[in-house]
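Summary of the model geometry
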Amino acid sequence: MPADSVLRARELLRQNAADLPSAEVLSSSTAAADHDAYHTGLLEAAFLVAAADGQLSKEEVGSLVDVVSQIGEGATPSELAGMVYDFSVSLEKEGRTARAQAIAEHVSDPRARKEIVGFAALVALCDGELAPSELFVLHTMGKAFGLDAGTVGGIVRGVAEKLGVTLAQ
């Protein structure tokens, strides 16, 4: 049976998926491109946090695909797994900071950037803990997005509160 924090994370994802823009709403090509960049950014940010410890096991890939599929973008698990593989290759070649910068280059909206950091924090906190390496990745993303440490910390605390997770001081 999944841990309570995982169940709460899934419920939060279901609730928040309704707030994400749908393909039908985004009709212009520019908006559609922004929509794709936003959702790719969500997935890559979640991947970066999941891979924060330097290793990504098959189980972690499976869990990441399961959690991310909750946002309802219609991609199959094998398509999501393929994207995770591509992210892994890019991360190995370019490094974490460059990948965070790449997300920032494709997602310029300040609200969307905060949502991406929040989603990555949600993925990081699914196991009920926030490892120092995960927090470092969240701050790396925040810096790339132009967010100060206080803003990133506030986002993380807000997600932790919603999940009922107590953060270490």
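Scroll up a little and you will see the structure.
Note that the structure is predicted; figures quoted are calculated from it, not measured.

1. A look at the packing of helix α6 (residues 110–125) against helix α8 (residues 149–163)
The interhelical angle for the contact between α6 and α8, taken along N-to-C directions, is 50°, at an axis separation of 9 Å. Relative to α8, α6 is oriented oblique. Every pair of crossing elements has a handedness; the one defined by α6 and α8 is right-handed. On α8, the residues that touch Lys114, Val117, Gly118, Ala121, Leu122 and Leu125 of α6 are Thr151, Val152, Ile155, Val156, Val159, Ala160 and Leu163.

2. Structural notes on the packing of helix α5 (residues 96–106) against helix α7 (residues 132–144)
Where α5 meets α7, the axes come as close as 8 Å, and the angle between the chain directions of the two elements is 45°. As far as their axial angle goes, α7 and α5 are oblique. Both α5 and α7 take part in a crossing whose hand is right-handed. Here Arg96, Thr97, Ala100, Gln101 and Ala104 of α5 come into contact with α7, specifically with Val137, Thr140, Met141 and Ala144. Looking at the contact of α5 with α7, its residues break down into five nonpolar, three polar and one charged.

Analysis parameters
- Residues numbered from 1 in each chain as written.
- Predicted model: local features only at pLDDT ≥ 70, side-chain atom pairs only at ≥ 80, totals over all residues.
- Heavy atoms only, no water.
- Axes fitted to C-alpha atoms, helices over the stretch in contact; angles between N-to-C directions.
- Helix = DSSP H or I, 4+ residues; strand = E, 2+ residues; numbered from the N terminus.
- Parallel < 35°, antiparallel > 145°, perpendicular 65-115°, else oblique.
- Left-handed = near helix turned anticlockwise from the far one by under 90°.
- Contact = heavy atoms within 4.5 Å.
- Nonpolar A, V, L, I, M, F, W, Y, C, P; charged D, E, K, R; others polar.

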